[in-house]
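Coordinate inspection notes
These are the residues of each chain, in order.
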Amino acid sequence: FKNGQSMDYRSAHFYMRDVSSTLKAVALGDYNISLGQGLTMYNGFSPGKSAFVMDFKRTGRKIRRHTSNEEIRYLRGAAATVILSDNVEFTGFISSRNRDGNGVTIDTDTIFEIVSSLQTSGLHRTQNEIDDKGSVHNFIYGGNINYNGKRGQVGFNFYNSTFDKPVQRNQQLYNQFLWNGDQLGNYSIDYSYRIKALSFFGESAYSSNGGWAHTHSLLMGLSEFVSAGLSYRNFDRKYTTLYPGSFAETQSTTNESGLYFALDIHPTYNWSITGYADLFQS
């Protein structure tokens, strides 16, 4: 509670999976969407670099219930995954909710309001933070169509996001290439393919402000005791997505390129030797 007002954050959901032979999952209320390798939208758990050096592939169900107290990285509305054939499934989602934004009133010939930044902390401690709470409405619709084969899969992902107030960031050097406006579209193709001890996976994405992002990776079983991983990423400085989750130095998925190499050696059952090197620039 704050200043005698109602609760700061409320969440509820209805979620079912494996409902029937054609309905794989359905969610109402608050839910998470995870697509591809996280270049367009990934609300699920997306670990970065850690001691688990081989865990850089994004996996899991596309629709999950939202059970966290995280106030930013989730959608509110409805989503469903439908099985169209033995190899093809479609996921569709729609979301409508308010987000925290730093509103600014512009007084020129007419008075109108813009949003100079979208807040991501979820904190409402000061009067300014309280004023920013739920100040901009965000409507999202999108989907994924996925083909699953014997050795891999390929998917097309898209979503469109609109705001009731235009986003106009401060004219700082670090903001000059980022998206501004009241509508943003994101589109991508992701894939995975396995042949013997080699596993290829990746994604290429485009944002409607003219930015591109790519990530392509390889997992290799070199022997019974040795595994290796290689991942390349290149995120254009103009590429923008509102819900990023790709494996990278940061999770902003913009203005970064890098090459990641990991090695996992098990000389005995009880011992393992792991390490990684990541060469990146931003």
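Just above, that's the structure.
Everything numeric in this text was worked out from a predicted model, so none of it was measured.

**Observations concerning unusual backbone geometry**
Even without glycine at this site, D18 takes up a positive phi of about 50 degrees. Looking at the element boundaries, D18 is found in the loop between β1 (13–17) and β2 (23–33). A positive phi angle, near 55 degrees, is found at K196, a position not held by glycine. One can find K196 in the loop between β10 (181–195) and β11 (198–207). Since its relative accessible area comes to 77%, K196 is described here as exposed.

**Remarks on the pairing of strand β14 (residues 256–268)**
As paired strands, strand β13 (residues 226–235) and β14 are joined by ten bridges and run antiparallel to one another. Among the inter-strand pairings, A228 is bridged to a residue of β14, identified as L263. Relative to strand β15 (residues 271–281), β14 is paired through ten bridges, and the arrangement is antiparallel. Opposite F261, over in β15, you have A277 as the bridge partner. Between β14 and β15, which pair antiparallel one after the other, the connecting turn spans two residues.

The rules behind the values
Residues numbered from 1 in each chain as written. Predicted model: local features only at pLDDT ≥ 70, side-chain atom pairs only at ≥ 80, totals over all residues. Heavy atoms only, no water. Helix = DSSP H or I, 4+ residues; strand = E, 2+ residues; numbered from the N terminus. Buried < 20%, exposed > 50% of the residue type's maximum accessible area, 1.4 Å probe, protein only. Pairing = 2+ DSSP bridges.

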